[in-house]
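Listed here are the chains, written in short residue letters.
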Amino acid sequence: MDSRKIILLVGALFVAAITAFMARSLIVGSSAPVAVAQAPIAPVQTGTEVLVATKALPIGTILDATSFKFQPWPKELVENAYYVRKDGFDPKSLQGTVVRSVITAGQPLTQGSLVKPGDRGFLAAALTPGMRAVTFPVRNENSVAGFVFPGDRVDLTLSQTVPGGGDGPPLKVAETIMKNLRVLATDQRTTSDVDDQGKTVVRNFSMVTIEATPAIAEKISVARTLGDLSLVLRPLADSASELDQAIAEGSVKVPDGKDPKAEKAMLATADTQPIAGKTTFATGADVSRFQRRTVPGKATDGTTAGGTAGIPGGAPAVTGPSVRIVRGNNVTEVPIGRGGKK
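Reference entry: report on the structure contained in this document.

In this section: the overall build of the protein chain. In terms of helices and strands, the protein chain carries 5 helices and 12 strands. If you take every contact in the protein chain between residues at least 6 apart in sequence, the share linking residues at least 24 apart comes to 65%. For the protein chain, the exposed surface amounts to about 22400 Å²; the carbon and sulfur share of it is 57%.

All right, on to the nonpolar core then. Residues Phe136, Leu156, Ile210 and Ile220 are the most contacted members of the largest nonpolar core, which totals 21 residues. Those elements that place two or more of their residues in this core are strand E5 (132-137), strand E6 (153-162), strand E7 (171-186), strand E8 (207-212), helix H3 (214-226) and strand E9 (228-233). Discounting residues that sit within four places of it in the chain, phenylalanine 136 has contacts with Leu156, Ser206, Met207, Val208, Ile210, Ile220, Arg224, Leu229 and Leu231. In terms of nonpolar packing, the next biggest core, distinct from the first, is built from 12 residues, Phe68, Tyr83, Val99 and Leu109 among them.

For the structure shown, the criterion picks out 2 aromatic pairs. Arranged with centres 6.3 Å apart and planes meeting at 85 degrees, the rings of phenylalanine 70 and phenylalanine 89 form a pair that is edge-to-face. In this pair, phenylalanine 70 sits in strand E2 (residues 68-73) while phenylalanine 89 sits in the loop between E2 and strand E3 (98-99), placing the two residues 19 residues apart along the sequence. By relative accessible area, which is 18% here, phenylalanine 70 ends up buried. Ring centres 5.7 Å apart and planes at 25 degrees place the aromatic pair tyrosine 83 and phenylalanine 89 in the stacked group.

On to the pattern of salt bridges. Tallied over the entire structure, the rule returns 6 salt bridges. With a closest N to O distance of 2.6 Å, arginine 139 and glutamate 141 form a salt bridge. Residue classification places arginine 139 among the partly exposed residues on the basis of a relative accessible area of 39%. Glutamate 141 sits in the exposed class, given a relative accessible area of 57%. One salt bridge connects arginine 139 with aspartate 228, and the closest N-O pair in it is separated by 3.3 Å. With a gap of 89 residues between them, arginine 139 in the loop between E5 and E6 and aspartate 228 in strand E9 connect regions that are remote in the sequence. Salt bridges sharing common partners tie together Arg139, Glu141 and Asp228.

Across the 16 residues that make up E7, a large majority, 12, are buried. Sheet topology note: the E6/E7 ladder contains 9 bridges and is antiparallel. Across the sheet, residue valine 162 finds its bridge partner in E7, namely leucine 171. In terms of strand pairing, E7 meets strand E10 (residues 275-283) through 6 bridges, oriented antiparallel.

Moving on to the side chain of serine 113. Mapped onto the elements of the fold, serine 113 is located in the loop between E3 and strand E4 (114-115). Not counting the four nearest positions on each side in its chain, serine 113 is found in contact with Val98, Val99, Arg100, Ser101 and Ile103.

Before going further, it helps to examine a nonpolar patch on the surface. Side chains of Phe14, Val15, Ile18, Phe21 and Met22 sit close together on the surface and give an oily, nonpolar patch of about 540 Å² of accessible area. Looking at where phenylalanine 14 falls in the secondary structure, it is placed in helix H1 (residues 3-29).

Across all of its chains, the model carries 1 cavity of 30 Å³ or more by this definition. Forming the walls of the largest cavity are Gly146, Val148, Phe149, Pro150, Thr186, Arg189, Thr191, Ser192, Asp193, Val201, Arg203 and Phe205. Of the residues contributing to the lining of the largest cavity, the split by class is 5 nonpolar, 4 polar and 3 charged.

The next thing to look at is unusual backbone geometry. Of note, valine 144 is a non-glycine position whose phi angle comes to about 55 degrees, a positive value. Its place among the elements puts valine 144 in the loop between E5 and E6. For valine 144, a relative accessible area of 30% gives the class partly exposed. Even without a glycine there, the phi angle at asparagine 180 is positive, about 60 degrees.

Moving on, we get to the environment of arginine 153. Structurally, arginine 153 can be placed in strand E6. Linking arginine 153 and lysine 179, residues 26 residues apart in sequence, is a C-alpha distance of 8.4 Å. One polar contact links the side chain of arginine 153 to the main-chain carbonyl oxygen of asparagine 180, over a distance of 3.2 Å.

Below, the discussion takes up H3. Here H3 contains 13 residues, and its C-alpha end-to-end distance of 19 Å stays within 8% of the 18 Å for a straight helix at 1.5 Å per residue. Taken together, the buried positions of H3 are occupied by Ile216, Ala217, Ile220 and Ala223. Mapping the buried residues of H3 onto a view down its axis gives an arc of 120 degrees, with all of them on the same face. Within H3, the exposed residues directed more than 90 degrees away from the buried face are Glu218 and Thr225. Buried residues in H3 make contact with E5, E6, E7, E8, E9 and E10.

Now for the side chain of threonine 186. With respect to the secondary-structure elements, threonine 186 resides in strand E7. Those residues in contact with threonine 186 that lie beyond four places of it in its chain are Val148, Pro150, Phe205 and Met207.

Basis of the calculations
Along each chain, residue indices are assigned from 1 in the same order as the chain's sequence is written. Note on the predicted model: pLDDT of at least 70 is required for a residue's local features to be given, and 80 or more for side-chain atom pairs to be given and counted; whole-chain, interface and lining totals, by contrast, use all residues. Side-chain descriptors were evaluated using all non-hydrogen atoms of the structure, hydrogens and water having been removed beforehand. Segments assigned H or I by DSSP are reported as helices when at least four residues long, segments assigned E as strands when at least two residues long, and all are numbered from the N terminus. Residue contacts follow a heavy-atom distance rule, with two residues in contact if any of their heavy atoms lie within 4.5 Å. For the accessible areas, the method is Shrake-Rupley and the probe is 1.4 Å, while residue cover comes only from the protein chains on display. What makes a nonpolar core is a set of buried Ala, Val, Leu, Ile, Met, Phe, Trp, Tyr and Cys residues whose side-chain atoms join them at distances within 4.5 Å. Throughout this description, buried means an accessible area under 20% of the type-specific maximum (1.4 Å probe, protein chains only), exposed means over 50%, and partly exposed covers the range between. Each aromatic pair joins two rings of Phe, Tyr and Trp (for Trp, the six-membered one) with centres within 6.5 Å, and gets the label stacked for planes under 30 degrees apart, edge-to-face for over 60, and tilted for any other angle. Salt bridge criterion: a side-chain nitrogen from Lys or Arg within 4 Å of a carboxyl oxygen from Asp or Glu. Any two strands with at least two DSSP bridges between them are considered paired. Note on patches: the residues involved have over 30% relative accessible area and no salt bridge, like charges join within 9 Å, and the nonpolar side chains Val, Leu, Ile, Met, Phe, Trp and Tyr join within 5 Å. Method remark: on a 1 Å grid restricted to protein atoms, a set of points is classed as a cavity if a 1.4 Å probe fits but cannot get out and as a pocket if it is open with protein on both sides within 12 Å along at least five of seven lines; lining residues have an atom within 4 Å of a point. Grid points are joined across faces, edges and corners, and a volume is the space filled by probe spheres set on the points. Put simply, Ala, Val, Leu, Ile, Met, Phe, Trp, Tyr, Cys and Pro go in the nonpolar bin, Asp, Glu, Lys and Arg in the charged bin, and everything else, Gly too, in the polar bin. Counting of polar contacts relies on pairs of N or O atoms within 3.5 Å, with two restrictions inside protein: one atom must be capable of donating a hydrogen and the other of accepting it, and residues adjacent in sequence are counted only when both atoms are side-chain atoms. A helix is expected to reach a length of 1.5 Å times the quantity of its residues less one. The directions from the helix axis to the C-beta atoms form the arc being described.

As structure tokens, then:
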């Protein structure tokens, strides 16, 4: 092979090597193509926007900002009773109104299905079926300093002085007589007042209206005559122990199976169920060692039951055989035989 052919062969190999190197550099250096999802085209909203319910609204529901929203509605299906988005209408004006007829989720709100505060029948519409409204007076120091608002839930505490026999002080006792009561109104306000900045205004009140069963309403009417009633504000989340108690008492039924809707309805019933009975209490002795824990009995002759001879207010001494007769808290010591009283 002559030198010319060798030179051509070496040149061809050199060109091939350079070409391969450049091709490899291009393949490695170029990034893989990235698939870009095309942004969805927003549908063109047509028709008039009306106010619809964002969730199921049963009778007696008090509307808040999460209860409704504006949604496009076919113009030919819009009725005059609907709340339509237009100049001058503020949907915030519907907050605090009460549902008078059932509204399903997605259904437009109508003017006839809502009752505004101050309208005739507002309080009756706010009541849960089967419940009653009862009003009673409270003092400022017994109402959480005005920090109780319509829609809150409270416990009811009765403070009273129980007189007894003897020369000691009367029994001081406080007892929680009702639990989980819904506040319907404070004085004549069924909604919370707000200032120009949208903050809730705290106001003192002397009367409170709560929702109760007929039996609880009767007990509250009696409790008003016994002593002072105080409101105790409850947290938004109820304790699990009260749910267990409601299930044990049968006031709340546990649904069969694993139906989420049924379980949700059970929890809602437990949250809104007023509780009476099995109350807790504290006496003066629980606070101070100088106070009584129980009420002393009184003997039939007006002296303290179980008194001691020689002590003022005690039962007189009895000499000779005697018989002690106990009737409830009344204790009488009767001499027998030849013994007698001094």
